Amino acid sequence: VLSFVLCTLIYVPLAMAGDTHDEFSEIASEQIRSRVRAMIDVGVPSQQALKMTRMMIQNRFREHSILAAQQAVIDAAQGTSVTEPIINKAYEGMAKSVSEDRIVQGMRRVKERYSYAHQMVGDLLPDSGQVREIGSILAEGLSAGMAEGDVERTMAKLKQRTQQMSSSEAGALAGESLLSL
C-alpha cells in the first residue's frame, strides 16, 4: 500500500507535467511549455497551470505576455504560495477582454499585494498557516481599498498587544482587527 501511495505521489505529477509537451506541442513554444512545467514544479496544480496557459493562447496573447504571466504565478508560488488570486486575475481580465499587458500588470499587482500582506502578517505571527489565512484576509482588504498606512499602524499596535499572547490568541486578534479596518 505504501509503495502504491509513493508511486502515485511521485509519478502522477511527473506524468501530468509531461502532458504539457503533448497538449501544447503544436501551438506553443518550448519556452511556454517549459514555464508550464516550472509552474507545476513549484506547486501550482497542473490543471490550473495548463488551463491558464491554454486560455492565454486561445486569447492570442503574445509569447512574452504569456511568459510574464507564468512568471508572476511562479514568483507567487515561491513566495507566499498563494497563486489562485493571481490566476483568477488573469481569467477576470480575459473575460472582460482587457488587453494582455494590463492583465499581466494586474497579475503582478495582485502578487505584490499578497506578498506585502503576508510579509506584514509574518512579522507578527510565527505560524505559517495563520500567516497564509490572515495574510489573504489582509490582501483582500487592501484590494477593497484598505490604506497601507492604516495597516501598518494596526500591525504595529498588534505587535505590542500580542507579545504576551499565545500564537492562536495572537492570530485570532490579528484576524479580528484586520476585519474591522
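Above this text is the structure in question.
Analysis parameters
- Residues numbered from 1 in each chain as written.
- Predicted model: local features only at pLDDT ≥ 70, side-chain atom pairs only at ≥ 80, totals over all residues.
- Heavy atoms only, no water.
- Core = buried A, V, L, I, M, F, W, Y, C linked by side-chain atoms within 4.5 Å.
- Buried < 20%, exposed > 50% of the residue type's maximum accessible area, 1.4 Å probe, protein only.
- Helix = DSSP H or I, 4+ residues; strand = E, 2+ residues; numbered from the N terminus.
- Contact = heavy atoms within 4.5 Å.
- Axes fitted to C-alpha atoms, helices over the stretch in contact; angles between N-to-C directions.
- Parallel < 35°, antiparallel > 145°, perpendicular 65-115°, else oblique.
- Left-handed = near helix turned anticlockwise from the far one by under 90°.
- Nonpolar A, V, L, I, M, F, W, Y, C, P; charged D, E, K, R; others polar.
- 1 Å grid on protein atoms, 1.4 Å probe; cavity = no way out; pocket = protein on both sides within 12 Å on 5 of 7 lines; lining within 4 Å.
- Points joined across faces, edges and corners; volume = space filled by probe spheres on them.

Of all hydrophobic cores here, the largest spans 50 residues; its most connected members are Met52, Met56, Met107 and Leu138. Every element with two or more residues in this core is listed here: helix 2 (30-41), helix 3 (46-58), helix 4 (63-79), helix 5 (84-95), helix 6 (100-122), helix 7 (128-143), helix 8 (148-161) and helix 9 (167-179). Ignoring any residue separated from it by four or fewer positions in sequence, one finds Met107 in contact with Met52, Met56, Ala69, Val73, Ile86, Lys89 and Ala90.

On to the packing of helix 2 against helix 3, then. Put simply, helix 2 and helix 3 touch, their axes get as near as 8 Å, and they point 150° apart. The angle between helix 2 and helix 3 places the two elements in the roughly antiparallel class. Our pair here, helix 2 against helix 3, has a crossing hand that is right-handed. Packed against helix 2, whose contacting residues are Ile32, Val36, Met39 and Ile40, the element helix 3 presents Ser46, Ala49, Leu50, Met52 and Thr53 at the interface. Class assignment for the residues of the contact of helix 2 with helix 3 results in 7 nonpolar, 2 polar and no charged.

Its identity is not glycine, yet Arg60 carries a phi of approximately 60°, on the positive side. When you line up the elements, Arg60 lands in the loop between helix 3 and helix 4. According to the relative accessible area criterion, Arg60 is exposed, its value standing at 73%. Look at Ser97: it is not a glycine, yet its phi comes out positive at around 55°. The topology assignment puts Ser97 in the loop between helix 5 and helix 6. Look at Ser97 and you get exposed, because its relative accessible area is 64%.

A few words now on the layout of surface pockets. Computed from the structure, the largest pocket encloses a volume of approximately 160 Å³. Around the largest pocket sit 14 residues that line it, and Ser81, Val82, Thr83, Glu84 and Arg132 are the ones nearest its centre. Of all the secondary-structure elements, those providing two or more residues to the lining of the largest pocket are helix 5 and helix 7. Top contributing element to the lining of the largest pocket by residue count: helix 5, with 3 residues. Of the residues contributing to the lining of the largest pocket, the split by class is 6 nonpolar, 6 polar and 2 charged.

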